[in-house]
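The primary structure of each chain is shown beneath.
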Amino acid sequence: IPPNDAMQWHPCFEKFTCANLLVPLDYANVSAGYTNIAFLKQDASIQPAKDILINPGGPGGSGINYVRNHHIKLRQNLGPNYNLVGFDPRSVNNSGPHLDYYRCMGKPLNKIEKLDQAWCKNALANGEAKYTGTVAVAQDMLNYIELRNEELGKHGEDAKLNFFGASYGTALGATFAATYPDRVERMILDAVMDTAAYYKAKQNNDAGDAAEVLRHFSPLCFAAGPERCSFHGGNKTAADIEARIQTIFTRLTNKSIVCTSPDLPNLPPHKLDGIDLAYVMFMAAYHPITSFPALAETFVELEKGEGRKFLEQLWDGSRILKDQAGDVGQGVMIHCLDPALARLGKKLEGRRNPFPLVAIQYLLAGQNQQCEYRDFVPPPSQQFLVGFVETKTSFPIMFVGTAADPVTPIRGAYAMSKYFPGSVVLKQDSIGHCFGSSSSECTRKHVQAYLAGSVPIEGTVCQPDLLPFEE
């Protein structure tokens, strides 16, 4: 679809319409050039209906892929009354500017080839990468709602945003709300990043409450019994189950195993060790309802010295993470750019946080170090200089968090809510990343009531419909 500076929708992917919007790299300096932002829309069954923009996280996650692949679940959670609009933020998937991430962002810049170091320093400082930060994307969202209002015969300056953001999408939503508080119609922020700390380069990559999520595995498996948890093994206490997991991890740490799977014929034999098991367990913490039973089967095989399910779960975890959070190179670039002013001249260390079950600190600790030697900053019009101060939005924001989230603990929701008087935090008493990781009719009712204009009472707690191993 050719880029256009007006909203032009075209049929795409059978049940959707798509648009490719031409936007300035810098709204304050159009001489910098232009790029494209891609949108995908699924109309509500009853029209007219308002749009709700959706960002699944990352940074680097594709809203187009997310809405296309998960529109049924989104309808279940958000209700039938809005047009679902996914978009790819700048530099992500179908949106420009299109950059050579992996040449520059795959590992710390001082550890890549000297020629690539010089190329990357010049490309990042003088090229289009500096126009891809979160503030720029918030400006694109404002541009979208204004153009949509004009498309519908209304005044652009009267447009307001309906938005659902998860994980990093909460940073995008909070940035929009702080910058354009009178343009918020409805905003649901789920699995909330402490965005104030993020912009100050103080966000710790410490795997959040992953340890707390994983501590539930053994008690839940024990309570489920051998009929529902394959790793139960007739143990008499949850501590016995946990001890067996520790034994498996220690054995793999000391000696790797070669794993193959007939279901992955194009994948060569892999040597897998304790680091790989830490990754599998961490990914299982994202969606315990579906992943804990699979993790139990992996433990059963590993206890026997076999690794087929281990390899399959490792492969699935990488695929799921890419679906939700996007490509690593894109995410690292945005992660480095947003807090660039706070980061300049500093040597940042990733925080290391050992788990009670496994030492998983190496999975996330390196992201800050990858920002070293990348001295590129957004243009002045795309810098979040003011920071977060008390800001009253035109309609209260609804923050949502689970009791234990592996990457965005609910304390982030409480921290960000303080900046927005009148906002509320709804707690879902479940484990996992985002409220959709566990089904909760209570949460769905509150979310849909909020979209209809009814803000939940502060302190509302919703229970999940079921626990891991209960399906």
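Throughout what follows, the structure given in this document is the object of discussion. Please read all numbers here as calculations on a predicted model, not as lab measurements.

The rules behind these values
- Residues numbered from 1 in each chain as written.
- Predicted model: local features only at pLDDT ≥ 70, side-chain atom pairs only at ≥ 80, totals over all residues.
- Heavy atoms only, no water.
- Helix = DSSP H or I, 4+ residues; strand = E, 2+ residues; numbered from the N terminus.
- Buried < 20%, exposed > 50% of the residue type's maximum accessible area, 1.4 Å probe, protein only.
- Contact = heavy atoms within 4.5 Å.
- Areas by Shrake-Rupley, 256 points an atom, 1.4 Å probe, with all protein chains shown as cover.
- Disulfide = S-S within 2.5 Å.
- Salt bridge = Lys/Arg side-chain N within 4 Å of Asp/Glu carboxyl O.
- Expected span 1.5 Å × (residues − 1).
- Axes fitted to C-alpha atoms, helices over the stretch in contact; angles between N-to-C directions.
- Parallel < 35°, antiparallel > 145°, perpendicular 65-115°, else oblique.
- Pairing = 2+ DSSP bridges.
- Right-handed = clockwise from strand over helix to strand, strands pointing away.
- Phe/Tyr/Trp six-rings, centres within 6.5 Å; stacked < 30°, edge-to-face > 60°.
- Lys NZ or Arg CZ within 6 Å of the ring centre and 35° of its normal.

**Details of the overall build of the chain**
No. 1: Looking only at helices and strands, one finds 16 helices and 12 strands in the chain.
No. 2: For the chain, the proportion of its 471 residues judged to be buried stands at 57%.
No. 3: Counted over contacts in the chain with a minimum sequence separation of 6, partners at least 24 positions apart contribute 73%.
No. 4: Surface accessibility of the chain: about 20000 Å² in total, with carbon and sulfur atoms responsible for 52%.

**Quick notes on the state of the cysteines**
No. 1: Under the defined criterion, the tally for this structure stands at three disulfides.
No. 2: A sulfur-sulfur distance of 2.0 Å marks the disulfide that ties C221 to C229. What sets the handedness of the C221 and C229 disulfide is the S-S torsion sign, and at about -85° it is left-handed.
No. 3: Overall, C229 belongs to the buried group, its relative accessible area being 1%.
No. 4: Between the sulfur atoms of C442 and its disulfide mate C462 the distance is 2.0 Å. Measuring the twist about the S-S bond at about -60°, one finds the C442-C462 disulfide to be left-handed. With C442 in helix α16 (residues 441–451) and C462 in strand β12 (residues 461–462), this pair connects stretches of sequence that are 20 residues apart.
No. 5: On the basis of relative accessible area, C462 is assigned to the buried category, the value being 0%.

**Digging into the pattern of salt bridges**
No. 1: Using the criterion set out here, one finds 14 salt bridges in the structure.
No. 2: Taken together, the salt bridges that share partners define one network made up of D51, R148 and E151.

**Digging into helix α4 (residues 134–151)**
No. 1: The end-to-end C-alpha distance of α4, which contains 18 residues, comes to 25 Å, matching closely the 26 Å that a straight helix rising 1.5 Å per residue would cover.
No. 2: Summarising burial for α4: 15 of the 18 residues are buried, a large majority.
No. 3: Directly beyond the C-terminal end of α4, a positive phi value near 80° is found at G153.

**Considering the packing of helix α1 (residues 63–78) against α16**
No. 1: Contact pair α1 / α16: the axes reach a minimum separation of 7 Å and the direction vectors enclose 75°. In terms of orientation, α1 lies roughly perpendicular with respect to α16. Packed against α1, whose contacting residues are R75, Q76, N77 and L78, the element α16 presents R444, V447, Q448 and L451 at the interface.

**Brief notes about the sheet that holds strand β5 (residues 82–87)**
No. 1: Here 10 strands make up an open sheet; going across it, the order is β1-β2-β3-β5-β4-β6-β7-β10-β11-β12 and the pairing mixed. Looking at the sheet topology across the chains shown, the edges are occupied by β1 (10–12) and β12.
No. 2: Sheet topology note: the strand β4 (residues 50–55)/β5 ladder contains five bridges and is parallel. Its bridge partner lying in β5, L53 is registered against V85.
No. 3: Taken strand by strand, α4 contacts β2 (16–24), β3 (34–42), β4, β5 and β6 (161–166), and its axis lies near 165° from that of β4.

**Concerning unusual backbone geometry**
No. 1: In this model, Q47 is joined to P48 through a cis peptide bond whose omega is 0°.
No. 2: Note that P48 resides in the loop between β3 and β4.
No. 3: A cis amide bond links G96 with the next residue in sequence, P97, at an omega value of -5°.
No. 4: Mapped onto the elements of the fold, P97 is located in the loop between β5 and α2 (101–105).
No. 5: With a phi close to 50°, F13 is a non-glycine residue in the positive phi region.
No. 6: Looking at where F13 falls in the secondary structure, it is placed in the loop between β1 and β2.
No. 7: Even without a glycine there, the phi angle at C434 is positive, about 75°.
No. 8: Examined against the element boundaries, C434 turns out to sit in the loop between β11 (424–431) and α16.
No. 9: Judged by its relative accessible area of 9%, C434 is buried.

**Thoughts on the environment of A285**
No. 1: Within the secondary structure layout, A285 lies in the loop between α10 (274–284) and α11 (288–303).
No. 2: A relative accessible area of 0% places A285 in the buried class.
No. 3: Setting aside chain neighbours within four positions, we find A285 in contact with V213, L214, P406, G432 and H433.

**Notes on the pairing of β5**
No. 1: Burial analysis of β5 places six of its six residues in the buried class, the great majority of the element.
No. 2: Of the two faces of β5, the one holding Y82, L84 and G86 and the one holding N83, V85 and F87 are both buried throughout.
No. 3: Pairing of β3 with β5, which is carried by four bridges, proceeds in the antiparallel orientation. Each residue of the ladder has a partner; that of Q42, found in β5, is L84.
No. 4: A crossover links β4 with its parallel partner β5, the connecting element being α1, and its sense is right-handed.

**Some words on the packing of aromatic side chains**
Note on aromatic pairs: each is described by the distance of the centres and the angle between the planes.
No. 1: Under the defined criterion, the tally for this structure stands at 18 aromatic pairs.
No. 2: Residues F39 and Y144 carry aromatic rings whose centres are separated by 4.6 Å and whose planes lie at 20° to one another, so their mutual orientation is stacked. On the criterion of sequence distance, the pair formed by F39 in strand β3 and Y144 in helix α4 is long-range, its members being 105 residues apart.
No. 3: Seen in terms of ring centroids, F217 and F292 are 5.3 Å apart; in terms of plane orientation they differ by 75°. Their pairing is edge-to-face. Separated by 75 residues along the polypeptide, F217 in helix α8 (residues 217–224) and F292 in helix α11 bring together distant segments of the chain.
No. 4: Accessibility expressed as a relative area gives 2% for F217, which makes it buried.
No. 5: Feature note: the residues Y198, Y199, F384, F388, F399, Y419 and F420 constitute an aromatic cluster, connected by ring pairs.
No. 6: Its guanidinium or amino end placed over the ring of W9, K41 lies 4.7 Å from that ring's centre, counting from NZ or CZ.

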